[in-house]
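# Per-entry structural report
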Number of protein chains: 2
Amino acid sequence: MIHRSSFLFPAPVYIAGGAAVVGPKEGEGPLKEYFDKIYPSIQSAEESWEKTEIAMQRDAVNLLLKKTRSEDRRVDLLLGGDLINQLTITNFAAGERDIPFLGLYNACATMAEGILLGASLINAGYIGSSVVVVSSHNATSERQFRYPTELGIQRPSWSQWTVTAAGALLLSSALSKIRVRGCTVGRVVDYGVKDANDMGAAMAPAAADTILRHLSFRGQSSDDYDLILSGDLGSRGLDLLKTLLRKEEILADERFQDSGRWMYFPKQDVFSGGSGAGCSASVWSSYLLNCFREKKYRRVLLIGTGALLSTISVGQGNTIPSIAHAVELERV
Amino acid sequence: MIHRSSFLFPAPVYIAGGAAVVGPKEGEGPLKEYFDKIYPSIQSAEESWEKTEIAMQRDAVNLLLKKTRSEDRRVDLLLGGDLINQLTITNFAAGERDIPFLGLYNACATMAEGILLGASLINAGYIGSSVVVVSSHNATSERQFRYPTELGIQRPSWSQWTVTAAGALLLSSALSKIRVRGCTVGRVVDYGVKDANDMGAAMAPAAADTILRHLSFRGQSSDDYDLILSGDLGSRGLDLLKTLLRKEEILADERFQDSGRWMYFPKQDVFSGGSGAGCSASVWSSYLLNCFREKKYRRVLLIGTGALLSTISVGQGNTIPSIAHAVELERV
């Protein structure tokens with residue numbers, strides 16, 4: 001296998017901290033104690049859902065800077081994205097800050113994309129620190145990608161629930177407890193799935209491709225990791241990922257977990273689990289960091305998963321191309 | 001001034017080549033002889049405008065790889081973006097290739113964003129080569145951002161014409177004639193412009209901010225460059241940029257030019273000039289490279305300019321935040 005766009009970081013780069021702001025449904029889930037702020041409503045003190053999502057990004061970065069004792073002018077670069085057309089949310093949130101900004105879009109793999117780019121630029125010595133902020137909002141996304149939530153359209157049992165959340169991470173060259181060790185940039189993979197409610201199935205082949213490439217690049221097997229955590233494959237997508245990996249003779253056991261399955265209790269009626277760019281962003285910048293602090297894991301492989309669909313592509317009868325990026329974390 | 005996210009590349013990185021594919025109107029403009037392919041129609045042998053734009057990206061990268069005697073498996077990274085919701089065009093074009101992919105969105109500053117990220121990753125030694133591909137299409141964009149073109153809505157005299165084009169560049173560590181010397185990542189700047197037809201005015205302050213930051217970082221004045229070329233400010237935006245720079249005592253003379261003004265003849269009725277992510281992408285990857293080859297310029301500062309609007313933000317009565325990134329090129 002030729003290894004392209006798999007990077008191992010020779011100079012250390014760390015996750016200095018994280019902050020997550022979530023909506024009411026996420027605040028009733030199993031991870032509620034780890035979130036920094038829970039909004040009481042999906043439209044909280046703002047005049048639109050979009051402005052609520054902008055407020056969540058603002059709050060997440062403000063809380064992150066407070067927790068890490070930093071401020072705008074000490075951050076070299078802001079990397080971010082969201083699911084709304086033309087990154088409306090991130091553009092306006094970035095416009096409130098005095099930090100150079102690069103907008104990213106790889107759907108729900110955007111947080112992984114941001115970590116790998118920020119870590120690369122820090123390792124290369126171009127910047128000393130970077131904030132990565134990514135969000136999604138159930139009502140802004142459902143209206144845009146599927147149906148306005150007010151219509152009350154019945155959802156199929158294999159669908160996922162778009163998470164209302166913003167997650168922010170501070171990457172830094174300054175010594176900290178969690179090191180970003182390396183990454184693998186994903187390729188677009190398309191198995192021909194056309195059902196916009198079946199994103200787990202669309203994304204699983206991309207996740208498998210990236211995991212195989214990263215393990216091959218590193219000369220590792222899956223049991224070199226304590227946890228291989230996908231972004232938002234959901235139950236259905238995670239099962240498909242394991243099936244695909246077992247065909248490649250990878251041990252796909254209980255160390256494979258999914259952030260979207262962690263987000264909600266089964267009784268919360270989210271079917272296959274959480275999804276959305278804010279899902280991995282908020283789980284990784286809250287609960288996952290806490291697991292590292294509590295020494296639950298030593299080495300973790302994050303797999304950001306993104307379904308690259310749009311209403312235009314779905315409306316014109318196209319398939320759902322997908323992508324996944326790998327980020328390797330290690331407790332120092 | 002604190003210099004954040006301004007990078008000088010110590011190891012050399014080069015633009016190994018470029019290719020540009022344009023629509024019929026662009027093919028009747030002053031730069032027609034420099035384009036690699038001119039489509040006879042804005043919907044050329046494809047079933048939709050979107051699929052035509054995807055075909056343009058495909059053609060641009062295929063022509064680029066042919067001209068530079070390269071192929072998919074020898075390119076380490078594909079960086080790209082477009083203006084259509086969720087990067088539909090780029091996602092599907094990237095899905096046809098076997099190259100690891102990162103999706104970018106900074107509106108019409110996306111080509112500059114791609115060059116600065118690709119060059120950074122090459123300089124740091126993570127990758128050896130990267131293709132950057134960016135496009136826009138008049139009919140896909142106008143329908144999405146303003147009105148479907150079939151409506152024949154009258155355009156104000158200060159409006160610009162969204163370019164139908166895809167441009168692709170190959171960045172490489174292998175010795176070539178044009179070196180990427182450094183870059184400056186822009187900040188989001190918002191002067192409160194709300195007219196979606198007046199993007200030059202919205203973007204000019206962001207361009208001024210980035211130019212001032214880059215010159216300060218480099219300890220240079222504007223006359224250290226033979227050309228300072230903005231992406232798509234148009235006549236109106238370029239005039240405003242010069243006014244803003246003169247207030248800062250920068251010599252803003254005829255060396256300040258705009259890619260959007262270069263694209264069309266005045267008789268082509270495009271008013272303030274060309275715009276769209278494909279504007280800078282196609283002009284830079286064709287005519288500009290030729291100017292370097294003919295030794296017309298030695299040192300050029302590219303200013304990619306992006307208006308970060310969406311139909312949602314405009315419809316909800318918001319302003320148009322803007323961004324600009326600087327890329328410094330030098331003839332070897």
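Residues numbered from 1 in each chain as written. Chains lettered and ligands numbered in written order. Predicted model: local features only at pLDDT ≥ 70, side-chain atom pairs only at ≥ 80, totals over all residues.

### Thoughts on the overall build of chain A
What chain A contains, in helices and strands, is nine helices and 14 strands. Taking 332 residues into account, the globule formula puts the C-alpha radius of gyration at 20 Å, and chain A, at 18 Å, falls close to it. With the C-alpha coordinates of chain A rotated into their principal frame, the extents come out at 50 × 50 × 35 Å. Residues counted as buried form 63% of the 332 residues belonging to chain A. A separation of at least 24 residues holds for 80% of the contacts in chain A among residues at least 6 apart in sequence. (Helix = DSSP H or I, 4+ residues; strand = E, 2+ residues; numbered from the N terminus. Rg over C-alpha atoms; globule rule 2.2 N^0.38 Å. Buried ≥ 20, exposed ≤ 12 C-beta atoms within 10 Å, placed from the backbone. Contact = placed C-beta atoms within 7 Å.)

### Some points on the pairing of strand β9 (residues 178-184) of chain A
Residues and elements named next belong to chain A. Of all the seven residues making up β9, five are buried; the element is thus mostly covered by neighbouring parts of the structure. Where strand β1 (residues 6-8) and β9 come together, three bridges link them in antiparallel fashion. Residue pairing in the sheet places L8 in a bridge with G182 of β9. Relative to β9, strand β2 (residues 14-22) runs antiparallel, the two sharing two bridges. (Pairing = 2+ DSSP bridges.)

### What about the packing of helix α1 (residues 49-67) of chain A against helix α2 (residues 88-95) of chain A?
Residue and element names in this part refer to chain A. One can describe the packing of α1 onto α2 by two numbers: an axis separation of 9 Å at closest approach and a directional angle of 50°. As summarised for this structure, α1 and α2 are arranged oblique, according to the angle between their axes. The two elements α1 and α2 cross, and the hand of that crossing is right-handed. Only T88, I89, T90, F92 and A93 of α2 make contact with α1, whose side of the interface consists of E50, E53, I54, Q57 and R58. Looking at the contact of α1 with α2 residue by residue, the classes come out as four nonpolar, three polar and three charged. (Axes fitted to C-alpha atoms, helices over the stretch in contact; angles between N-to-C directions. Parallel < 35°, antiparallel > 145°, perpendicular 65-115°, else oblique. Left-handed = near helix turned anticlockwise from the far one by under 90°. Nonpolar A, V, L, I, M, F, W, Y, C, P; charged D, E, K, R; others polar.)

### Looking at the interface of chain B and chain A
The parts lose accessible area when they come together, and the size of an interface is often stated as this lost area. Each partner contributes residues to the interface: chain B has 50 residues there, and chain A has 50 residues. A per-class count over the side of chain B that touches chain A returns 26 nonpolar, 16 polar and eight charged.

### Points about the relation of the copies chain B and chain A
Rotating chain B by 180° and moving it 0.0 Å along the rotation axis overlays it on chain A with an RMSD of 0.0 Å. The symmetry that links the two subunits is that of a two-fold axis. Here 100% of the interface residues in chain B have copies in chain A that are interface residues too; the copies meet face to matching face. (Least-squares fit on C-alpha atoms with pLDDT ≥ 70 in both.)

### Regarding the domain arrangement of chain A
Residues and elements named next belong to chain A. The assigned domain composition of chain A is domain 1 (6-172) and domain 2 (178-331). Each of domain 1 and domain 2 was reduced to a C-alpha centroid, and the two centroids are 17 Å apart. Each side of the interface is counted separately: domain 1 has 58 residues, and domain 2 has 58 residues. Elements with a contribution of two residues or more to the side of domain 1 that touches domain 2: β1, β2, α3 (110-123), β6 (129-136), α4 (138-145), β7 (161-162) and β8 (165-172). The leading source of residues in the side of domain 1 that touches domain 2 is α3, at seven residues. Its residues placed into classes, the side of domain 1 that touches domain 2 shows 34 nonpolar, 16 polar and eight charged. (Domains from an automatic or database assignment.)

### Quick notes on the packing of helix α5 (residues 199-218) of chain B against helix α6 (residues 234-247) of chain B
Residue and element names in this part refer to chain B. Between α5 and α6, whose axes approach to 8 Å, the crossing angle comes to 40°. By the angle between their directions, the pair α5 and α6 is classed as oblique. In this structure, α5 meets α6 at a crossing whose hand is right-handed. Taking contact as the criterion, the partners of G200, A201, M203, A204, P205, A207, A208 and I211 in α5 are, on α6, G234, R236, G237, L240, L241, L244 and L245. Grouping the amino acids of the contact of α5 with α6 by side-chain chemistry returns eleven nonpolar, three polar and one charged.

### Some remarks on the confidence of the model for chain A
Taken over all residues, the pLDDT of chain A has a mean of 96, while the share at 70 or more is 100%. This complex was scored by the predictor with a pTM of 0.97 and an ipTM of 0.97. (pLDDT = per-residue confidence, 0-100.)

### A look at the pairing of strand β13 (residues 299-307) of chain B
All names here are of chain B. Within β13, eight of the nine residues are buried, which leaves it mostly tucked inside the rest of the structure. With nine bridges connecting them, β13 and strand β14 (residues 322-331) associate as antiparallel partners. Among the inter-strand pairings, G304 is bridged to a residue of β14, identified as H325.

### Quick word on helix α1 (residues 49-67) of chain B
Over its 19 residues, α1 of chain B runs 27 Å from end to end, which matches the ideal 27 Å to within 8%, given 1.5 Å per residue. Trailing α1 of chain B by a residue or two, R69 of chain B shows a phi angle of about 50°, which is positive. (Expected span 1.5 Å × (residues − 1).)

### Side note on α2 of chain A
Taking burial as the measure, the eight residues of α2 of chain A include eight buried ones, the bulk of the element. Of all the positions in α2 of chain A, only T88, I89, T90, N91, F92, A93, A94 and G95 of chain A are classed as buried. On its buried face, α2 of chain A is in contact with α1, β4 (77-81), β5 (101-103) and β6 of chain A together with α9 (311-315) of chain B.

### Describing the environment of S285 of chain A
Residue and element names in this part refer to chain A. With respect to the helices and strands, the residue S285 is situated in helix α8 (residues 277-293). The sequence separation of S285 and E113 amounts to 172 residues, and the corresponding C-alpha distance is 14 Å. Residue contacts for S285: discarding those within four places in its chain leaves G18, A19, A20, G167, A168 and L169.

### Observations regarding the nonpolar core
Judged by nonpolar contacts, the single largest core of 226 residues is most densely connected at A60 and L171 of chain A together with A60 and L171 of chain B. If we skip the residues at most four places from it in the chain, L171 of chain A touches V13, I15, A16, I115, G118, A119, I122, S129, S130, V132 and V180 of chain A. (Core = buried A, V, L, I, M, F, W, Y, C linked by C-beta atoms within 7 Å.)

### Overview of unusual backbone geometry
In this structure, S5 of chain A takes a positive phi of about 55° despite not being glycine. Relative to the elements of secondary structure, S5 of chain A occurs in the segment before β1. Positive phi values are uncommon outside glycine, yet K295 of chain B reaches one of about 60°. Inspection of the secondary structure puts K295 of chain B in the loop between α8 (277-293) and β13.

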